[in-house]
Amino acid sequence: MRRKWLIALGIALVAGTGAYAWVDYEPWHPVTTIQPSGKLILSGVTVVDVRDGKLSPNMDVLTDKGKVVSIVPMGTLPQATGAQIVKAQGKFLVPGYNDFHAHPLGPFDVSGTMALMLANGITGFRQMSGSPRMLEERAQGRKPTGRYAPEALLMPGTILTPFNAGSPDEVRKEVDAQKRQGADFIKVGLAAPDIFFAAEEEARKVGLPFVGHLQPGVDAAEAARRGMRAIEHLGPGDTEMISCSTDEAALREAVAKQPVMKAPPTKLPLMEKLAADLIQKRIINPSADADEAGAARYDRILATFDDTKCRALAATFVKYETWQIPTLIRLRTIELSGAPEYADDANYKYMPPETIALWRETAAKFAKNHDAPKRAALAKVYELQLRMTKLYDDAGVKMLAGSDVSGQWEVPGFSLHQEFDELAKAGITPLKILQMTTINGGDFMGWPMFGRIATGASADLVLLDANPIDSVQNLHRIAGVVRAGYYYSRADLDGILHKVEAGKGYFH
């Protein structure tokens, strides 16, 4: 019975990538703190204003000690003794990319993951799983922010599950504890509706944003009205889709009949570690296991989805400022696990062989448990999620770009670029996609200088070969990266990739 309970937990944690990251029994592997950089001049570059897409050509951008110092017409800078000069005429300068839903930190060597992210222009990320120990090490200044690592922008405490949130009283105590530990936000992974709303209320009381997964039985609009700051993965599952169905009442009644996940009857020493060991394979792709009840709901949603109802839900998100982080690439790799393009990919060379083997094993299970009609239905579900994303965008729902990296078929760094492409497929414009990975993060975090190119802003920048406003494909054409004022040319970035490849996932 206990094994069955743990398996169900793993299936429910749709976005629990990095299975060990939410279990507090090992420290992360800190990276040496980055030292202040020297002066750098990007000369003759076209600066892209991500607020409106305005281009300022032939500019000189001076950075020093990790900050942007000056942005002036080319040739008008006072002489900067000892400055590194990068000739950037014909190039386009944008703020560094940020993955706002990622799980790179955990009790393993994170250096390879971090290096792959940096090589793909990612200069910051929102860590979506934490622990008391990780928060303590961060408070002590042991942050993974070295020369070859993006900045860990925000971090929660331990994700709320029945292990630490078994009742409303217990979850209130856990939220209070995470506030004391220094968590930046509360993330809910799995909780019964009464526990979910108790956690949301307590988070609001202590002044922490409440984000994460909508739970079966929780109305998305009600969660927004009560102050949910961000919903990840468009739900996940059908939790948002149900609100867009003309058969919403019947679907909610069906969900209400499903067993409610409760706390384990006995909390044994190291139970969380044992659970993580057991479910590691399952959370790589929760759809790999057959779920007949869920499949039936998807069929009903596909038949009854209503754009008008979806727009009403979007209006609620806008009114209460509830953000969406779609992680479309994560949804796609879950629902289209057997797509031909995932059979092999040139970027798999950066991953450890055992990871690729696990992905292929999971894909085989997916194929075994889903016949052609079921696979076709899941493909339609993904098309519906693309449609929802566009409806939200049209309605003005605030959104961030995130890839939920470390799920099946996702290679760190490259996965965010795949997310850009999926957002474009949904109909999001290149400028809005650029905003979702840069300046929108500043609005979300309340950091007015974040994700901009402006005097006083952090010198986290990406140099592109072509205009990113013209095409999303140009976001992939990285000529160089500036991280905390340090410049990495295309040759430098390729060298990083070669080192990761040689280590099969570990940067030495």
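Residues numbered from 1 in each chain as written. Predicted model: local features only at pLDDT ≥ 70, side-chain atom pairs only at ≥ 80, totals over all residues. Heavy atoms only, no water.

(A) Spatial organisation of the sheet that holds strand E9 (residues 186-188). Spatial strand order, E9-E10-E11-E12: four strands in an open sheet with parallel pairing. On the outer flanks of this sheet lie E9 and strand E12 (323-325), each paired with one strand and no other. For this sheet, the mean inter-axis angle between neighbouring strands, taken without regard to orientation, is 25 degrees. (Pairing = 2+ DSSP bridges. Helix = DSSP H or I, 4+ residues; strand = E, 2+ residues; numbered from the N terminus. Axes fitted to C-alpha atoms, helices over the stretch in contact; angles between N-to-C directions.)

(B) Broad picture of the packing of helix H2 (residues 111-119) against helix H17 (residues 490-503). Between H2 and H17, whose axes approach to 9 Å, the crossing angle comes to 150 degrees. In this view, H2 runs roughly antiparallel relative to H17, as classed from their interaxial angle. Between H2 and H17 lies a crossing whose hand is left-handed. Across from Gly112, Ala115, Leu116, Leu118 and Ala119 in H2, the residues of H17 making contact are Arg490, Leu493, Ile496, Leu497 and Val500. Looking at the contact of H2 with H17, its residues break down into eight nonpolar, one polar and one charged. (Parallel < 35°, antiparallel > 145°, perpendicular 65-115°, else oblique. Left-handed = near helix turned anticlockwise from the far one by under 90°. Contact = heavy atoms within 4.5 Å. Nonpolar A, V, L, I, M, F, W, Y, C, P; charged D, E, K, R; others polar.)

(C) Here's a closer look at helix H10 (residues 307-320). In this model, H10 (14 residues) spans 20 Å end to end at C-alpha, consistent with the 20 Å of a helix rising 1.5 Å per residue. Every buried residue of H10 is listed here: Cys310, Leu313, Ala314, Thr316 and Phe317. Burial along H10 is one-sided: seen end-on, the buried residues are contained in an arc of 155 degrees. In H10, the exposed positions that point more than 90 degrees away from the buried face belong to Thr308 and Lys319. Between a side-chain oxygen at the N-terminus of H10 and the backbone nitrogen of Thr308 the separation is 3.2 Å; the capping residue is Asp306. Backbone geometry just after H10 places Glu321 at a positive phi near 55 degrees. (Expected span 1.5 Å × (residues − 1). Buried < 20%, exposed > 50% of the residue type's maximum accessible area, 1.4 Å probe, protein only. Arc of directions from axis to C-beta. Polar contact = N/O pair within 3.5 Å; in protein donor to acceptor, adjacent residues only side chain to side chain.)

(D) Representation of the state of the cysteines in the model. Applying the stated rule across the entire model yields zero disulfides. Cys244 carries a free sulfur, and the closest cysteine sulfur to it, the one in Cys310, is 3.4 Å from it. (Disulfide = S-S within 2.5 Å.)

(E) Main features of the packing of aromatic side chains. Summed over all chains, the structure comprises 13 aromatic pairs. When the centroid spacing of 5.4 Å and the interplanar angle of 85 degrees are considered together, the rings of Tyr97 and Phe420 count as edge-to-face. Of this pair, Tyr97 sits in strand E6 (residues 97-102) while Phe420 sits in helix H14 (residues 414-425), placing them 323 residues apart in sequence. In this pair, the class of Tyr97 matches that of Phe420, namely buried. Ring centres of Tyr348 and Trp359 lie 5.7 Å apart, and the angle between their planes is 70 degrees; this geometry places the pair in the edge-to-face category. Highlighted residues: Tyr348 in the loop between helix H11 (328-335) and helix H12 (353-369) and Trp359 in helix H12, separated in sequence by 11 residues. Comparing Tyr348 with Trp359 shows no difference in burial state: the two are buried. An aromatic cluster is defined as three or more aromatic residues linked by ring pairs; in this entry it consists of Tyr342, Tyr348, Trp359 and Trp409. (Phe/Tyr/Trp six-rings, centres within 6.5 Å; stacked < 30°, edge-to-face > 60°.)

So far we have only geometry, and geometry alone does not tell us how the molecule works.
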